[in-house]
Structure formats: C-alpha cells, structure tokens
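Descriptive structure summary
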Amino acid sequence: MLGDRNLRGMVEKALDRLYGDINIKIDRDNSDRIHAFEASRCTRLAYYERKDPLPPDNAARVSILLDHGIRKGFSHVKGEYRADSLILEAEADMVVGDDFAVRFEIVPSLPEVPHPRHMLYLNACLFALNKSEGFLVYMTADGKTVEFDITRNNRMFEEVVRRARVLSTLLKEGKTPIVEPSDLCMTCKYYTRCYAREKIKDQPGDFIAEIFGSGSSSSKKKK
Ligand code: SF4
C-alpha cells in the first residue's frame, strides 16, 4: 500500500487507460462500419467485444502495449472500402511508394508460413488503400524478422467482405455468431462462453484405466 492508496490498483488503472487509448479504434455502435481486424479473425470474438466485452487480462494488456510500442514509429495509413451500406475499415502500418502496403505482426516466434488471418487483413488493407502488393513482416520482441509478400487477391477479399456482412447482420439482429474453433481459442478470454469446460477430478491414471480396463494384458496374472 502507498499511503491509503493501492499501488497495484493504480498501476492497473494506468495500464487500462493506456490500453484504451491505443487499442484499435472500432466504432462499436455502428454495425454498418466493420473493421477488417474484426472480420479477419473470429467474428464471435468481435461480436462479444462490441456487445458484451470482458476486460483484457494482464497478459493481453502487456502484449498489446508491446505491440503498440513497436508499431508506434510507423505512419499508420487508414482506408475504407464501401460495399453497399457496409463500410470496411483497414489500417496498414506504412505505405511504401505508390503500390506497397506493409503490416507488422509481433509474434513470440517466427512462423514458416504467414497466418491466414494476417493475410486476410493485409489483403483487405490493399483494397481499402488501393494498393497492389503488400508485405507482411513478422517480428519477435528480440528483433528477429521474416517477411512474406502478397499480391491483391479478389477471393480473399470477398471472404473478408462476406464475414464483415455476417458480423454486421448479426450485430443488428443481436444474434451471437457461431463458434469458430481455431488456435485463437486457446488464449481467448471468451473461451468459457464458447466451450463447456469441466475438470475431471479423478487422477488421470484412473480415467485411462477406466477406458482401457484396470487389468491390462501385461498386468494380468497367469494361472
Ligand atoms: S473462444 Fe474461440 S470461438 Fe470463442 S470467441 Fe474466442 S476465438 Fe472465437
């Protein structure tokens, strides 16, 4: 305690403020305006973030602060794409020359291939900013990098627009999108809303023994 103030509480409040300031700005009340960031990852997660958000846990806050610290020096170029009443927003970290958009992704370890949701997002940036080619740069906290280049792809963009339309419609109707199982689920703060989780109280050995029978062939006594 610092006097009658709780130091930990003060630090957490400061982190919350900072997190609120730097998090991607999404117009939560306008269901016709969908960010490509929302449409390229789990739409159920995007729905919860708008309609019934949970506060981020400490790991998420620190990861976003780190991400922001690395991105801060870039120019951030915003654009939007209109498809009827739907407006799809996207933001590249930088634009090089007339044709190239660049997006950085901060990761714990460098991937062998680009992640589909990162490709969908960068491709949406190409359409929103009217660029023909993009560079996806993965970077670790200790400065290792790997780059992938992608060219504008209509089918990938149609998929993002389709997902954005679904999200927009479900937001208007107040209906939760279906569960989208993916690697994101493992660290998602909405995990328990999507998956029933019951801990098995018995020892794992008992459970295995129940499935395979307690007397395996090797443990049976010969008469
Ligand atoms: S747990 Fe998975 S399906 Fe559920 S909201 Fe999170 S990412 Fe989406």
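Being a predicted model, the structure only gives us computed values, none of them experimental. (Residues numbered from 1 in each chain as written. Predicted model: local features only at pLDDT ≥ 70, side-chain atom pairs only at ≥ 80, totals over all residues. Heavy atoms only, no water.)

As a further point, take helix α3 (residues 43-51). Residues lying three or four places apart along an α-helix face the same way, a consequence of the helix completing one turn every 3.6 residues. Extensive coverage of α3 is indicated by the burial of eight of its nine residues. Every buried residue of α3 is listed here: T43, R44, L45, A46, Y47, Y48, E49 and R50. (Buried < 20%, exposed > 50% of the residue type's maximum accessible area, 1.4 Å probe, protein only. Helix = DSSP H or I, 4+ residues; strand = E, 2+ residues; numbered from the N terminus.)

Let's shift gears to the side chain of E89. When you line up the elements, E89 lands in strand β3 (residues 86-92). For E89, the contacting residues outside a window of four places in its chain are R33, I34, H35, A36, G79 and E80. (Contact = heavy atoms within 4.5 Å.)

Of all residues in the protein, 78% have pLDDT values of 70 or greater, and the mean over the chain is 84. Across the protein, element-level confidence peaks in helix α6 (residues 154-173) with a mean pLDDT of 97 and bottoms out in helix α1 (residues 7-22) with 64. In this model, residues 216-223 is a region of pLDDT below 50 whose contacts with residues beyond four sequence positions or in other chains number two contacts. (pLDDT = per-residue confidence, 0-100.)

In this structure, I34, L88 and C125 are the most contacted members of the largest nonpolar core, which totals 37 residues. Where this core is concerned, the elements lending two or more residues are α2 (36-40), α3, β3, α5 (116-128), β6 (133-139), β7 (145-151) and α6. The greatest single-element share of this core, amounting to eight residues, is contributed by α5. Setting aside residues no more than four positions away along its own chain, C125 makes contact with A90, E91, A92 and N130. (Core = buried A, V, L, I, M, F, W, Y, C linked by side-chain atoms within 4.5 Å.)

Backbone-to-backbone hydrogen bonds join strands into a sheet, with any given pair of strands oriented parallel or antiparallel. Strand order in this open sheet of three strands is β1-β3-β2, and the pairing throughout is mixed. On the outer flanks of this sheet lie β1 (33-35) and β2 (77-83), each paired with one strand and no other. In this sheet, adjacent strand axes meet at a mean angle of 25° when their direction is disregarded. Where β2 meets β3, seven bridges bridge the pair, whose relative direction is antiparallel. Across the sheet, the residue bridging to G79 is A90, located in β3. Docked against the sheet, α5 engages β1, β2 and β3, running at close to 105° with respect to β3. (Pairing = 2+ DSSP bridges. Axes fitted to C-alpha atoms, helices over the stretch in contact; angles between N-to-C directions.)

Negative phi is the rule for most residues except glycine; trans is the rule for most peptide bonds. In this structure, D84 is a non-glycine residue whose phi angle is positive, near 55°. Topologically, D84 is positioned in the loop between β2 and β3. Not every positive phi belongs to a glycine, and N130 is a case in point at roughly 55°. Secondary-structure assignment places N130 in the loop between α5 and β6.

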